[in-house]
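# Descriptive structure summary
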Amino acid sequence: MAGGPILNPTGDGKEYPGKMTLFVFLACLVAATGGLIFGYDIGISGGVTSMDSFLRKFFPSVYRKEKEDTSTNEYCKFDSQLLTTFTSSLYLAALIASFFASTVTRTLGRKWSMFGGGITFLIGAALNGAAKDVAMLIIGRILLGVGVGFANQSVPLYLSEMAPAELRGMLNIGFQLMITIGILAASLINYGSAKIKGGWGWRVSLALAAVPAAIITLGSLFLPDTPNSLIQRGHQKQALNMLRKIRGTDDIHQEYADLQAASEESKTVQHPWRNIIHRRYRPQLTMAILIPLFQQLTGINVIMFYAPVLFKTIGFGSTASLMSAVITGLVNVFATFVSIFTVDRLGRRKLFLQGGVQMFACQIIVGTLIAAKFGTSGEGHLSKSYSSGVVAFICIYVAGFAWSWGPLGWLVPSEIFPLEIRSAGQSITVSVNMLFTFVIAQAFLTLLCRFKFGLFYFFGGWVLIMTVFIAIFLPETKGVPIEEMVLVWKAHWFWGRFIADEPVHGGAVVEMADGKNGVGTKDTATTV
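Everything numeric in this text was worked out from a predicted model, so none of it was measured.

Here we come to the packing of aromatic side chains. Within this structure, the stated rule accounts for 21 aromatic pairs. Members of the aromatic cluster, each reached through a chain of ring pairs, are Phe-294, Phe-352, Trp-405, Phe-469, Phe-473, Trp-489, Trp-493, Phe-494, Trp-495 and Phe-498. Against the face of Trp-112 rests Lys-111, its NZ or CZ located 5.2 Å from the ring centre.

Further remarks concern the pattern of salt bridges. This structure, assessed with the given rule, holds nine salt bridges. With its nearest N and O atoms 2.7 Å apart, the salt bridge here joins Glu-161 to Arg-110. With Glu-161 in helix H7 (residues 134–162) and Arg-110 in helix H6 (residues 110–129), the pair connects residues that are 51 residues apart, well separated along the chain. As far as burial versus exposure is concerned, Glu-161 and Arg-110 are alike and both buried. For Arg-233, the salt bridge identified is with Asp-225, shortest N-O distance 3.4 Å.

It is worth spelling out the packing of H6 against helix H10 (residues 210–221) at this point. The geometry of H6 relative to H10 is characterised by a closest axis approach of 8 Å and an angle of 155 degrees between their N-to-C directions. As far as their axial angle goes, H10 and H6 are roughly antiparallel. In this structure, H6 meets H10 at a crossing whose hand is left-handed. The residues of H10 that touch H6, namely those facing Lys-111, Trp-112, Met-114, Phe-115, Gly-118, Ile-119, Phe-121, Leu-122 and Ala-125, are Ala-210, Ala-213, Ala-214, Ile-216, Thr-217, Ser-220 and Leu-221. Looking at the contact of H6 with H10 residue by residue, the class counts come to twelve nonpolar, three polar and one charged.

Where two cysteines share a covalent bond between their sulfur atoms, that bond is called a disulfide. Throughout the structure, instances matching the rule amount to zero disulfides. No disulfide involves Cys-362; its sulfur sits 9.7 Å from that of Cys-395, the nearest cysteine. Assessed through its relative accessible area of 4%, Cys-362 is described here as buried.

For the rest of this paragraph, the subject is the nonpolar core. Counting residues in hydrophobic clusters, the biggest one holds 63 residues, and the most contacted among them are Phe-38, Phe-54, Phe-59, Leu-206 and Met-434. For this core, the leading source of residues is H7, giving eight residues. Look past the residues within four positions of Phe-38 in its chain and what remains in contact with it is Tyr-91, Val-148, Asn-152, Ile-179, Trp-410 and Met-434. Listed in part, the 62 residues of the second largest apolar core include Ile-394, Ile-440, Leu-455 and Val-488.

How each quantity is defined
- Residues numbered from 1 in each chain as written.
- Predicted model: local features only at pLDDT ≥ 70, side-chain atom pairs only at ≥ 80, totals over all residues.
- Heavy atoms only, no water.
- Phe/Tyr/Trp six-rings, centres within 6.5 Å; stacked < 30°, edge-to-face > 60°.
- Lys NZ or Arg CZ within 6 Å of the ring centre and 35° of its normal.
- Salt bridge = Lys/Arg side-chain N within 4 Å of Asp/Glu carboxyl O.
- Helix = DSSP H or I, 4+ residues; strand = E, 2+ residues; numbered from the N terminus.
- Buried < 20%, exposed > 50% of the residue type's maximum accessible area, 1.4 Å probe, protein only.
- Axes fitted to C-alpha atoms, helices over the stretch in contact; angles between N-to-C directions.
- Parallel < 35°, antiparallel > 145°, perpendicular 65-115°, else oblique.
- Left-handed = near helix turned anticlockwise from the far one by under 90°.
- Contact = heavy atoms within 4.5 Å.
- Nonpolar A, V, L, I, M, F, W, Y, C, P; charged D, E, K, R; others polar.
- Disulfide = S-S within 2.5 Å.
- Core = buried A, V, L, I, M, F, W, Y, C linked by side-chain atoms within 4.5 Å.

Honestly, that's just the spatial picture; any functional story needs more than this.
What follows is the structure, encoded as structure tokens:
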């Protein structure tokens, strides 16, 4: 664990043993496929809303505005609240569903929450594929949203709890990798289905959401429960056997003891939603709110939801805009692998900071390039070479997001909460993420019409703010066993004041190796 935190739970020089076993790898791989449904939806909605046949059937006013009014400002062609409601209704449903998912995840286990999400998403996909009017379309979207809410609440928790501490980042980012694969698959399907003669290609795109839904639904049935969840639900013997199996060793008694201590502490918390606002949880609650908020304010969903529409708006043809979305999707997938292979070596902070600088620069450049051609009037034309330059910088931006805020926006919140409020904390993360995804999806086309090229500067400004926030307030969490994470906050120069006088279980000593952010000290926790 060179360069990372050294945990010494007993004070005798021992660390938690653990290695990557085939059992853990396969379990995490299957669980991570829950990200496919979220990614597929992100990619598919923007594609179908750029298809003429889809617009003619469900949004004829938008179609007429695009085709018939040649004087329309390029920034405002797709400005329709009904059109954005189609996209954003899913995220409002996911927000509400995540609160119900918290109870299911805590009382029945993580796997059944995934199963419920998969089934609901499957039904929503069927309704959307067979939609005859806007009402049917939006009801289907709401069901898709319920599925996303359940999957996004349970999958990151499952991955963080199953993974050995030293590999938690890599395995958890499997969720983000599946999201990017889902986005890419959707972009490829949109590109192909747009060419289907007869104008029903959009039905293929929407109905094929059933495939990722079926994968997580069936896969969840074969998943084992996490030791944390088993202990929390009173199955101690099963939890001990499961911990032994996933760590690949019999030397798991210290980790098991810490899990039991965390479980005993969690039983004293009858109302997680009430307790989560207590002072001792202030650091985790702050991160659970601000990290998903900042993740959406990077502007990534401006690119991923509406990539085809955006490219079409700034001068690309219909097929070319879909192809550009495929290109950004490919960049998204491959750049995520960078995070997978570096997150447990470099740590969370370095990736956050590097990605933030890269995204900020690209937002400013893209905004300036569009301003140079379209100005404030929205009238202009992009040459092929100029368009390629815009796409190139958008791809560099996507790459920066894919190895920083994309995966880490899910990883960090899922690993920082103690067991007693973990499900509630993850629900807050998901609900904040979905709320601002909804707000930005609903407002983006209107903002583009009003702010014009300044929209890219707007998101660039937020990227600068969030990068500074991470530099000051986020301690490094790589390599820290999930049940000992509270010690990282206790040792932090700022957050330590909130829990300095609070009891912490484990009698652990934490020694941070990088010496940054005020956590380069040794701190002994008191024992409950």
